[in-house]
Amino acid sequence: MKWKGMLMGGCALLGLMFMSQAEVSAKTKSPLEQAETLIGTPYHKGGTVPKTGFDASGFIQYVFKTSGSFDLPRKVIDQYQIGKKVSWEKAKPGDLVYFRSLDETKDIPTHVALYAGNHQVIHITLSKGVVKTDVSKSKYWTDRYYAVKRLPVSQKTSDDRLVKDAMKYLGIPYVFGAADPKVGFDCSGFLQYLFEKSLGIYLPRSAEQQWMVGEKVTLDDIRPGDFVFFSNTYKKGISHVGMYIEGGRFIHASRSESVTISYLSESYWREKWTGAKRLTKLKLAKEDPVVSKAATYIGEVPYVKGGTKPESGFDTAGFTQYVYQEVLGIQLPRYASGQVKAGTPVKRSELKLGDLVFFNGTSLVPAIYAGSNQVIHVTVSNGVVITNMKTSTYWKDKYETAVRIK
């Protein structure tokens, strides 16, 4: 049977064997079995769940996701980018069948269905909802036939520990300003929390600040764990960040839903694309004993005026005095004004692990240099913290000097 429609090339996922979803054994229902149970569900523009009804791509996305088979993009045109094109004669149950409008100026798929065998597809229509249609007996659908695509047997997910840890948070709701799974995440808060818990890496808080650190990588060199950045989403400039997990996908806290998985190939993200960064090298250099000791108190010890011990809390100079005494047996002066005179001045460009860095706040504030532009110090509001001198809106312009204690 020869049907109308020009065939448009798509982006196949490389390195994977392709086969029909019906040939894959699964503990849960297959996408085709799941689709059969939904016949009769009404059409609803923008719908993605049975309770409200589906649109075409929402229906297909739902049956694949709930069967545990595949995470598909939301839009028809983006779903079409996934998989390998096959001819109608070689279509197998579980393949995706695409249709287009008859407008010759728009050579793109506008409708998607699930192939059920014997020329039949399961899909959703405006008038009857989810139905099974024999395409060979319908001139309406025959004229609109576009292509058949076969998805990979499965989505390859990296064995990387960081990626596995990230997947544990799928479904955690989006909450602006949040960085705690008990409350929710925003995009940068999710990655900040993940990197600290999984790798012991302390990241800057916002997407803009995270973009300022790490090393740039190209899409050709991208690997699981790299950050992907986007601009002009809800505001101008860099405004969203996610983490690459393999197969052209990234995990992120989406403003429209929760921690979820999306494709870099989706039209929305392609338009907003800014670049990728590798941030794993920001791990604290705990081989240095001073840095290692100081890091144990991050987030654990509060600010206490006059405090000189972790049991009671630290003030700014009490913290640096305590760490140097405990680790090196060096008794620093009690206050920052004395500590800054106790060592040999060093240039900012020549800082080494364990050097004392001083900031000009309301008074002189000492900190311990921890590498990669990071310092460990005490703030009145948060106690012992780690700060990136390059990205912190408060501290980056308050750098005063640094000394090395011998």
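Residues numbered from 1 in each chain as written. Predicted model: local features only at pLDDT ≥ 70, side-chain atom pairs only at ≥ 80, totals over all residues. Heavy atoms only, no water.

Okay, the sheet that holds strand β11 (residues 215–217) next. Spatial ordering of the open sheet is given by β11-β16-β12-β13-β14-β15, a layout of 6 strands whose pairing is antiparallel. Of all strands in the sheet, those with a lone pairing partner are β11 and β15 (259–263), marking the two edges. In this sheet, neighbouring strand axes are inclined to one another by 40° on average, regardless of whether the strands run parallel or antiparallel. Pairing geometry for strand β14 (residues 249–253) and β15, over 5 bridges, is antiparallel. Residue pairing for β15: H252 is matched across the bridge by T260. (Pairing = 2+ DSSP bridges. Helix = DSSP H or I, 4+ residues; strand = E, 2+ residues; numbered from the N terminus. Axes fitted to C-alpha atoms, helices over the stretch in contact; angles between N-to-C directions.)

Per the domain assignment, the segments making up the chain are domain 1 (28–150), domain 2 (161–278) and domain 3 (289–404). Using C-alpha coordinates to define each centre, domain 1 is positioned 60 Å away from domain 3. (Domains from an automatic or database assignment.)

Attention now moves to the pairing of strand β8 (residues 145–150). Among the 6 residues of β8, 6 are classified as buried, and the element is accordingly described as predominantly covered. Inspection of the sheet shows strand β3 (residues 84–86) paired to β8 by 3 bridges, in the antiparallel sense. Of the residues in β8, the one forming a bridge with K85 is K149. Direction of pairing for strand β4 (residues 96–100) relative to β8: antiparallel, over a ladder of 4 bridges. (Buried < 20%, exposed > 50% of the residue type's maximum accessible area, 1.4 Å probe, protein only.)

Even without being a glycine, H119 presents a positive backbone phi close to 70°. Counting through the fold element by element, H119 comes out in the loop between β5 (109–117) and β6 (120–125). When its relative accessible area of 34% is taken as the criterion, H119 is described as partly exposed. Here N373, not a glycine, exhibits a phi torsion of approximately 65°, which is positive. Along the chain, N373 falls in the loop between β21 (364–371) and β22 (374–379).

If you walk through the whole model with that rule in mind, you get 11 salt bridges. The residue D315 makes a salt bridge to R334 at a minimum N-O spacing of 2.7 Å. Of this pair, D315 sits in the loop between β18 (313–314) and α10 (316–328) while R334 is found in the loop between α10 and α11 (336–339), placing the two residues 19 residues apart along the sequence. For D315, a relative accessible area of 9% puts it in the buried group. Judged by its relative accessible area of 21%, R334 is partly exposed. (Salt bridge = Lys/Arg side-chain N within 4 Å of Asp/Glu carboxyl O.)

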